[in-house]
Amino acid sequence: MSTRHINPEGLHRSPAFSQAVVVEQPAKTIYIGGQNGVDADGKVVGPTLGEQAGQAFRNIATILESEGATLANIVHWRIAVVEGNSVEEGVAAFQQVWNPADPPPAITVHFVSGLGPGFLVEIDAIAVV
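Per chain, residue numbering runs from 1 following the sequence as it is written. In view of the model being predicted, local features appear only for residues whose pLDDT reaches at least 70, and side-chain atom pairs are presented and counted only at 80 or more, with totals across whole chains, interfaces and linings using the full set of residues. Hydrogens are left out, water is left out, and the side-chain values use all remaining heavy atoms of the structure.

(A) Just the overall build of the chain, in detail. Counting from the N terminus, the helices are the DSSP runs of H or I reaching at least four residues and the strands are the DSSP runs of E reaching at least two. In terms of helices and strands, the chain carries two helices and six strands. For the chain, the α and β elements follow one another from N to C terminus as β-β-β-α-β-α-β-β. Note that the radius of gyration is over C-alpha atoms, with the globule rule given as 2.2 Å times the number of residues to the power 0.38. Taken against the 2.2 N^0.38 rule, which gives 14 Å for 129 residues, the C-alpha radius of gyration of the chain at 15 Å falls within 12% of a compact globule. In terms of overall dimensions, the chain has C-alpha extents of about 40 × 35 × 25 Å along its principal axes. Burial statistics for the chain: of 129 residues in total, 37% are counted as buried. Contact between two residues is taken to exist if any of their heavy atoms lie within 4.5 Å; hydrogens are not considered. Long-range pairs, those at least 24 residues apart, make up 72% of the contacts in the chain between residues at least 6 apart in sequence. Note that accessible areas follow from Shrake-Rupley with a 1.4 Å probe, and for residues the cover is restricted to the protein chains shown. With the model as given, the accessible surface of the chain reaches about 7,100 Å², and the carbon-plus-sulfur share is 54%. In this tally, Asp and Glu contribute negative charge and Lys and Arg positive charge; neither His nor the terminal groups of the chain are included. For charged residues, the charge sits on one atom: NZ in Lys, CZ in Arg, CG in Asp, CD in Glu. Across the chain, the mean location of the 6 positive side-chain charges is 6 Å away from that of the 13 negative side-chain charges. Remark: exposure states derive from per-residue accessible area (1.4 Å probe, protein chains only) relative to the maximum for the residue type, with buried under 20%, exposed over 50%, and partly exposed in between.

(B) Region of the structure containing the pattern of salt bridges. Definition used for salt bridges: Asp or Glu carboxyl oxygen within 4 Å of a side-chain nitrogen of Lys or Arg. Taken as a whole, this structure holds two salt bridges when the rule is applied. Note that E67 and K28 form a salt bridge whose closest N and O atoms lie 3.0 Å from each other. Placement of the pair is E67 in the loop between α1 (49–66) and β4 (74–82) and K28 in the loop between β2 (20–24) and β3 (29–35), with a sequence separation of 39 residues. A relative accessible area of 38% places E67 in the partly exposed class.

(C) Spatial organisation of the sheet that holds strand β5 (residues 106–112). Here a strand pair is declared whenever DSSP counts at least two bridges between the two strands. Pairing in this open sheet of four strands is mixed, and the strands run β3-β6-β4-β5 from one edge to the other. Because the sheet does not close on itself, it has two edges, and the strands there are β3 and β5. Neighbour to neighbour, the strand axes of the sheet diverge by 10° on average, direction disregarded. For β4 and strand β6 (residues 121–128), the ladder comprises seven bridges, and the chain directions are antiparallel. Within β6, the position partnered with R78 by the bridge is D124. Axes here refer to lines fitted to C-alpha atoms; in helices the fit is confined to the stretch in contact. Angles between the N-to-C directions go from 0 to 180 degrees.

(D) Region of interest: the pairing of β6. By the criterion of burial, β6 is predominantly enclosed, with six of the eight residues buried. With five bridges joining them, β3 and β6 adopt antiparallel strand pairing. Each bridged residue has a counterpart across the sheet, and for I32 the counterpart in β6 is A125.

Here it is, written out as structure tokens:
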């Protein structure tokens, strides 16, 4: 299996994300459902976007580890942030878990009017192993 992170000429090049990721088959693909900042008991871990995003990233890492994968196998993140929150807190949480030596995945961020009670962020991902 191989993946190619592409940033074609004529598009913005960023060290934080790839414009697209191409996966050559055969490969195992893991589709991770939306993760919120909740602990193993389903309780929200804190009142800030940074705390909740950090927990959501840890939840995703746990899912990947259960399949023999790591965050480096993520090819796409989709992140929903409740309007009025600073996305910089989420970026800081991401920088704590992402190895900058790995090719950056494709990322989509949406601002939404609300999520479940107390939730400020929801993150889903696609990983290829």
